[in-house]
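Descriptive structure summary
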Amino acid sequence: MAEHQTTILALGSYFKGTAFLQECKALGCTVYLLTKEKFKDADWPRESIDEMFWMPETHKQPDLTYAVSYMMRTRKIDRIVPLDDYDVEVAANLREHLRIPGMGETTVRHFRDKLAMRVQARDEGVNVPDFCPVINYDELREFMERVPAPWVLKPRSEAASFGIKKLNSPQELWDKLNELGDRQSYFVLEKFVPGDVFHVDSIIWEDNVVFSIANGYARPPLAVVSSGDVFRSRTLPYDSADAVALREFNKKVMKALHMKRGVTHAEYIKGHADGKFYFLETAARVGGANLAEMIEAASGINLWREWARVEVANARKEEYSLPPVKQEYAGIVVCLAQQEWPDLSAYDAPEVVWKLRKEHHAGLIVQAKNPERIQQLLDEYGERFAREFLAWMPQLDKPND
Ligand SMILES: Nc1ncnc2c1ncn2[C@@H]1O[C@H](COP(=O)(O)OP(=O)(O)O)[C@@H](O)[C@H]1O
Ligand SMILES: [Mg+2]
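Residues numbered from 1 in each chain as written. Chains lettered and ligands numbered in written order. Predicted model: local features only at pLDDT ≥ 70, side-chain atom pairs only at ≥ 80, totals over all residues.

Before going further, it helps to spend a moment on the nonpolar core. By size, the foremost hydrophobic cluster in this structure holds 94 residues, and its most contacted members are Ala10, Phe20, Tyr268 and Leu303. Shared between two domains, this core holds at least three residues of each, these being domain 1 (7-102) and domain 3 (195-388). In contact with Ala10, other than residues within four places in its own chain, are Gly17, Phe20, Leu21, Val31, Leu33, Val81 and Leu83. Counting ten residues, the second largest nonpolar core, distinct from the first, contains Leu115, Cys132, Phe143 and Leu189. (Core = buried A, V, L, I, M, F, W, Y, C linked by C-beta atoms within 7 Å. Buried ≥ 20, exposed ≤ 12 C-beta atoms within 10 Å, placed from the backbone. Domains from an automatic or database assignment. Contact = placed C-beta atoms within 7 Å.)

Encoded structure:
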């Protein structure tokens, strides 16, 4: 019988993670992809996929468990890896059921459920915005008396600022809860902390953060989504006080949340009022919105590829070693565009290293050795994008549709 090859099942309910699949194949793995029927014809790297499966819905249980168990009657699977945030939970659910190593359901809660991440972080001494579960009304009343408005009411497991409401009075909360009815306990209420928003993206190997990079959004994501603006982020100067503090804080958060291995995207607020950092949220996956491309431009580290190397090293009981990291700078500018295929040819600074090719989107990444140059280009291009391309739509009813 042929020797068993390390076998990876990737769950991709959305089209992403090409470099992950390619790296698994390059490392000699057998690679299976389970995706949604809707994405079966997407531009997946087919030469890196041994077998592809699709279902109308990849999150419906017990259908998914039945499907993967059926696959496993004749195939061994060593690791299950979620490509999209919405796959993170079902991956843990499948691992628990099929007894496959990796993040289980208790830990995955800390990375998917905004209430669970708040409680766990706070209990481990991490600074978080004051919050209250939407469960007991006496507690909610007490919270609103103790913590001055505004507050935010947010869904416990959505992404991309979806469904977040800023509230200014108790009446607004009660009205909203009335409207939500039985769905209200799937929300969390917390203090709105005005401040700058940052993200730290990291690689974790056996409980240690072995790579992390601190970045700052030009404006808080909620402000970008609710007022319609150009999304921008950039690498922070490596030895700046903010970057040093953020990387330290991020280590503490990963430890508090029991992250063992993989990649994470975590967000932090630096409060305008007190200058302190607050843990905002995190996810056990590569950050969205093309931040991975920006991070690769700055550091040479492709988070998808390294995630594949981490999973495969663990499956093979080998050591993981981080490739050489460069300390340069990058920034990203993205917006919804009025034009179907916006013309970016006039954005031709030599620092432009990547352009987004997506209908009704304009986007690019700039890369340089010097952070001031990145800042200058982000300011200039942000303004030009707003003038030439920017379209704005109120949020849809459902994310990812
Ligand atoms: N407690 C808070 N104080 C201030 N701003 C917040 C708070 N919670 C969320 N936001 C704003 O909403 C955005 C989205 O919230 P976040 O918790 O990161 O959820 P998502 O998963 O949708 O990204 C943040 O980037 C920030 O701009
Ligand atoms: Mg966020």
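Still more ground to cover, so stick around.
Domain boundaries in the protein chain define domain 1 (7-102), domain 2 (130-191) and domain 3 (195-388). Put simply, the middle of domain 1 and the middle of domain 2, counted by C-alpha atoms, are 35 Å apart.

Attention now moves to the site of ligand 1. In the vicinity of ligand 1 lie 20 residues, with Pro129, Val193, Pro220, Pro221 and Leu222 positioned nearest. Those elements that provide at least two residues to the shell around ligand 1 are β8 (187-191), α8 (221-227), β12 (262-271) and β13 (277-283). In the shell around ligand 1, the residues fall into 14 nonpolar, one polar and five charged. Two domains each put at least three residues into the shell around ligand 1: domain 2 (130-191) and domain 3 (195-388). (Near = placed C-beta within 6 Å. Helix = DSSP H or I, 4+ residues; strand = E, 2+ residues; numbered from the N terminus. Nonpolar A, V, L, I, M, F, W, Y, C, P; charged D, E, K, R; others polar.)

Turning next to the packing of helix α4 (residues 105-112) against helix α5 (residues 114-123). Look at α4 against α5: their axes get within 6 Å of each other, and the N-to-C directions meet at 100°. By the angle between their directions, the pair α4 and α5 is classed as roughly perpendicular. Two secondary-structure elements touch here, α4 through Arg109, His110 and Phe111 and α5 through Ala116, Met117 and Gln120. Of the residues in the contact of α4 with α5, the class split is three nonpolar, two polar and one charged. (Axes fitted to C-alpha atoms, helices over the stretch in contact; angles between N-to-C directions. Parallel < 35°, antiparallel > 145°, perpendicular 65-115°, else oblique.)

Following the sequence through the fold, Asp201 ends up in strand β9 (residues 195-205). Sequence separation between Asp201 and Ala292 is 91 residues; the distance between their C-alpha atoms is 8.7 Å. What Asp201 contacts, discounting residues up to four positions off in sequence, is Ser212, Ile213, His265, Gly287, Leu291, Ile295 and Leu303.

As a further point, take the environment of Met52. Looking at where Met52 falls in the secondary structure, it is placed in strand β3 (residues 51-55). Separated by 43 residues in sequence, Met52 and Leu9 place their C-alpha atoms 9.7 Å apart. Not counting chain neighbours up to four residues away, the residues in contact with Met52 comprise Leu33, Thr35 and Trp44.

This part is about the sheet that holds strand β2 (residues 30-36). Spatial ordering of the open sheet is given by β3-β2-β1-β4, a layout of four strands whose pairing is parallel. Of all the strands in the sheet, just β3 and β4 (79-82) have a single pairing partner and so form its edges. Between one strand axis and the next, the sheet turns by 20° as a mean value, whatever way the strands run. In this sheet, β3 lies alongside β2 in parallel orientation, the contact comprising five bridges. Of the residues in β3, the one forming a bridge with Leu33 is Met52. (Pairing = 2+ DSSP bridges.)

A regular strand places its side chains on the two faces of the sheet in alternate fashion. Across the ten residues of strand β10 (residues 208-217), seven count as buried, placing the element largely inside the fold. With eight bridges joining them, β9 and β10 adopt antiparallel strand pairing. Note on β10: the bridge partner recorded for Ile203 is Phe211. The hairpin formed by β9 and β10 contains two residues between the paired strands, and Glu206 there has a positive phi angle of roughly 45°. Note: β10 against strand β11 (residues 231-235), three bridges, orientation antiparallel. Within β11, the residue paired with Gly216 across the bridge is Arg234.

Excluding glycine, most residues fall at negative phi; most peptide bonds, likewise, are trans. That bond from Gln61 to Pro62 is cis: its omega, 5°, falls within 30 degrees of zero. Position of Pro62 among the secondary structure elements: in the loop between β3 and α2 (63-72). Residue Pro150 follows Ala149 across a cis peptide bond; omega there is 0°. In this fold, Pro150 is placed in the loop between α6 (137-146) and β6 (151-155). A positive phi is found at Lys317, a non-glycine position, where the angle reads about 55°. Tracing the backbone through its elements, the reader meets Lys317 in the loop between α11 (303-315) and β14 (329-336).

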